[in-house]
Amino acid sequence: MPHLNKVARALLGGRAGEPGSRSPLSRLRIALTVFFALDGFMFAGWVVRIPAIKQQTGASASDLGLALLGVSAGAVVTMVFTGRLCRRFGSHPVTVVCAVLLSLSIVLPPQTHSALTLGLVLLVFGAAYGGLNVAMNSAAVDLVAALRRPVISSFHAAFSLGGMMGAGLGGLVAGGLSPTVHLSLLTGVGLLVTAVTGPTLLRHPAPVPERTERELAEEGTTAAPRRLDGRTRRLVLLFGVIALCTAYGEGAMADWSALHLTQDLDATPGLAAAGYSLFALAMTAGRLSGTALLERLGQTRALVAGGVTAALGMLVGALAPTAWLALAGFAVAGLGLANIFPVAIGRAGALAGPGGVAAASTLGYGGMLLGPPAIGFLADWFTLPLALTTVALLAGAAALIGYSARNSSAGPADSAGPADSARPADSARPAESTRPAESAHRPELARPADE
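### Brief notes about the confidence of the model for the chain
- For the chain, the mean per-residue pLDDT works out to 78, and 78% of the residues sit at or above 70.
- The element-level mean pLDDT for the chain is lowest in helix H17 (residues 443–446), coming to 34, with helix H5 (residues 91–105) highest at 95.
- Counted against residues more than four places away or in other chains, residues 1–8, with its pLDDT under 50, gives 0 contacts.
- Taken as a whole, residues 13–21 scores under 50 in pLDDT and shows 14 contacts with residues more than four places along the chain or in a different chain.

Written out as structure tokens, the structure is:
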């Protein structure tokens, strides 16, 4: 139990008995953490059954890649409109609705018997998945601003932990349950968790930082997003590309690691499912220790080291001659990729506020969703192991881009954005209400720490 309590405190970024632990913000944070974990759990449950569904539909690698493009297409289309839905109805209700849709749609893929019908139902699944991710991250950005603490990584750690649990459970039941039964059970789990946790989000609206209201009163402006100069836009795009490069690897591991282990290395279904489980476990461990790593190395060094580590690990995972060596490579790649995405999102937010977070997140999730179809086409043209080496190539590119952007910083005008990765967790007092203290918005607290 002491070890479980430590994990819980790491995910929630607090200590037992601290003031405000039962505040509305704390309850919102717990609820959002559960939804992030549920998202990872459901998605991993689907991906570990891809080999069985591929066999059931009789799809080739390229046919499967096209079908998986349905997830990407559905998600991208939904992402375009989810931001508007969040502005109109609030990010909390949209999160709950998308969680219900995700739970209902996950049972559809095993009902198909051709690549075409699989692609069509994956459009629905992808729409729910993309909408949930945008809505959850929008809610998380609002909560981070209200809490005045660098807790974005804890939500991503919950997603990784959920993915690890979903993949592990999928590996245990892969030999005994059909995909239809397994994914039907996941539908029940998703609906139950949403029914228990959703009311917390529905009862509490997204917190509004005091700074936003004060600026509107002082400047007489509207709620329209402030205009950014060209340099800031380019830097936000740069960090979005870093997020895309690393999320590409996460998406590729989710959809193709099990197939690589079974098809190329003759692994059993249970061992193949362990590939993504180990990858998710390594990412979880890396994100739980992310704050300490960033404090010790600084953001730029952590980003570059992570990219190089991920590239080396993925080369081993893709080209290893045995399944066990490939599993070790996947674990190393997970450790390397763990904190690059949160760092990129945090830097974009420090430069351009929530708009920067949204732009970089959209690019990042685009990489996660578009990567698997690209791997499918490359696997058909060449081989699956060679296709997986592109993950290493892009991880190395993320490290290079991150190093080239090492001198970027947020000016005073940009200090409204969350500096989630630049500020130690203990540097801010626990928030007692949805209105953060004025000192939390000083420019020096929002400036990214490169060294």
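### Looking at the environment of Gly131
- Here Gly131 shows up in helix H6 (residues 115–147).
- For Gly131, a relative accessible area of 0% puts it in the buried group.
- Along the chain, Gly131 and Leu101 lie 30 residues apart, while their C-alpha atoms are 9.5 Å from each other.
- Apart from the residues within four sequence positions on either side, Gly131 is in contact with Thr78, Thr82 and Cys98.

### Regarding the packing of aromatic side chains
- What the rule picks out here adds up to 5 aromatic pairs.
- Taken together, a centroid distance of 4.6 Å and an interplanar angle of 20° make the contact between Phe43 and Tyr129 stacked. Here Tyr129 lies in helix H6 and Phe43 lies in helix H2 (residues 24–47), a separation of 86 residues in the sequence.
- Three or more aromatic residues link up through ring pairs in this structure, and these residues are Phe43, Trp46, Phe125 and Tyr129.

### Observations concerning unusual backbone geometry
- Even without being glycine, Asp266 reaches a positive phi, approximately 55°.
- Following the sequence through the fold, Asp266 ends up in the loop between helix H10 (230–265) and helix H11 (269–288).
- Given a relative accessible area of 67%, Asp266 falls into the exposed group.

Reading guide: rules and limits
Residues numbered from 1 in each chain as written. Predicted model: local features only at pLDDT ≥ 70, side-chain atom pairs only at ≥ 80, totals over all residues. Heavy atoms only, no water. pLDDT = per-residue confidence, 0-100. Helix = DSSP H or I, 4+ residues; strand = E, 2+ residues; numbered from the N terminus. Contact = heavy atoms within 4.5 Å. Buried < 20%, exposed > 50% of the residue type's maximum accessible area, 1.4 Å probe, protein only. Phe/Tyr/Trp six-rings, centres within 6.5 Å; stacked < 30°, edge-to-face > 60°.

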